[in-house]
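# Coordinates in review
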Amino acid sequence: MACITRTILGIDPGLANTGWGLVKQDGYKLSCLAYGCVSTKAEDPLEQRLGKIHAQIDAVIQRFEPTCCGIETVWFGQNITAAFATGQARGAALVACAQHGVQVGEYSPKQIKLAVVGAGSAEKDQVQYMVRQLLDLPDTPKPDHAADALAAAICFATHADVAE
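Description of the structure in this document. (Residues numbered from 1 in each chain as written. Predicted model: local features only at pLDDT ≥ 70, side-chain atom pairs only at ≥ 80, totals over all residues. Heavy atoms only, no water.)

## Quick notes on the packing of helix α1 (residues 46-64) against helix α2 (residues 80-99)
- One can describe the packing of α1 onto α2 by two numbers: an axis separation of 8 Å at closest approach and a directional angle of 35°. The two elements α1 and α2 cross, and the hand of that crossing is right-handed. Within the contact between the two elements, α1 uses Leu 46, Leu 50, Ile 53, His 54, Ile 57, Asp 58 and Ile 61 and α2 uses Gln 88, Ala 89, Ala 92, Ala 93, Val 95, Ala 96, Cys 97 and Gln 99.
- Class assignment for the residues of the contact of α1 with α2 results in eleven nonpolar, three polar and one charged. (Axes fitted to C-alpha atoms, helices over the stretch in contact; angles between N-to-C directions. Helix = DSSP H or I, 4+ residues; strand = E, 2+ residues; numbered from the N terminus. Left-handed = near helix turned anticlockwise from the far one by under 90°. Contact = heavy atoms within 4.5 Å. Nonpolar A, V, L, I, M, F, W, Y, C, P; charged D, E, K, R; others polar.)

In structure tokens:
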């Protein structure tokens with residue numbers, strides 16, 4: 001396997017909070033470049049909330065120039081309304097990726113947990129702990145949406161086709 005070097009954007013989509021994180025992959029070594037969260041207010045109109053998510057993810061892509069992105073898929077659990085809202089936020093982030101030609105890998109929460117912790121049924125605190133360990137961070141990334149986004153980027157690093 002040739003040594004691969006790339007910047008991977010991870011996205012944990014949500015209408016109220018969309019986490020993002022950037023991981024640099026240099027062969028088998030992963031390191032954190034930056035992370036954050038786009039937060040929107042429930043009282044704002046939907047189109048403004050989606051516009052903010054798109055604009056801020058677009059700004060992150062422009063600043064860090066990732067070539068690829070791991071994004072969590074929508075999980076249709078008990079709350080269908082929340083799943084649709086998450087799907088809309090996810091769409092806003094995906095449009096920003098598409099506009100910059102960023103390759104996207106989509107992963108279920110189970111796939112991400114399996115890639116980071118080694119167990120698809122891992123708890124949130126286990127994922128956060130392993131993100132901190134794998135990226136050699138001094139502290140657990142906050143908010144948890146950012147840690148989840150870094151986990152999605154790690155999942156991309158371990159699952160995506162490395163023949164770039």
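Moving on from the coordinates now.
## Quick look at the sheet that holds strand β4 (residues 68-72)
- Strand order in this open sheet of five strands is β3-β2-β1-β4-β5, and the pairing throughout is mixed. Of all strands in the sheet, those with a lone pairing partner are β3 (29-39) and β5 (103-107), marking the two edges. When strand polarity is set aside, the average angle formed by the axes of neighbouring strands in this sheet is 20°.
- Bridge count for β4 against β5 is five bridges, and the pairing is parallel. Each residue of the ladder has a partner; that of Glu 72, found in β5, is Tyr 107. (Pairing = 2+ DSSP bridges.)

## A look at the side chain of Gln 128
- Mapped onto the elements, Gln 128 comes out in helix α4 (residues 124-134).
- Taking relative accessible area as the criterion, Gln 128 reaches 12% and is therefore assigned buried. (Buried < 20%, exposed > 50% of the residue type's maximum accessible area, 1.4 Å probe, protein only.)

## Here we look at the nonpolar core
- Among the nonpolar cores identified, the biggest contains 21 residues, and Leu 9, Ile 11, Trp 20 and Ile 57 are the most heavily contacted of them.
- For this core, the secondary-structure elements that each account for two or more residues are β1 (5-12), β2 (17-26), β3, α1, β4 and α2.
- Counting residues per element, this core draws most heavily on α2, which supplies six residues.
- Excluding its chain neighbours within four sequence positions, the residues that come into contact with Ile 11 are Thr 18, Gly 19, Ile 57, Cys 69, Gly 70, Ile 71, Glu 72, Ala 93, Cys 97, Ala 149 and Ala 152. (Core = buried A, V, L, I, M, F, W, Y, C linked by side-chain atoms within 4.5 Å.)

## Details of the pairing of β2
- With respect to burial, β2 is a largely interior element, seven of its ten residues being buried.
- As paired elements, β1 and β2 share eight bridges and run antiparallel to each other. Within β2, the residue paired with Asp 12 across the bridge is Gly 19.
- With ten bridges connecting them, β2 and β3 associate as antiparallel partners. The residue bridging Leu 22 from the neighbouring strand is Ala 34, located in β3.
- Linking two consecutive strands that pair antiparallel, namely β2 and β3, is a turn of two residues; a positive phi of about 65° is found at Gly 27 within it.

## Some points on unusual backbone geometry
- Residue Pro 143 follows Lys 142 across a cis peptide bond; omega there is -5°.
- With respect to the helices and strands, the residue Pro 143 is situated in the loop between α4 and α5 (144-159).
- The phi angle at Glu 65 is positive, at roughly 50°, despite the residue not being glycine.
- By the secondary structure assignment, Glu 65 is in the loop between α1 and β4.

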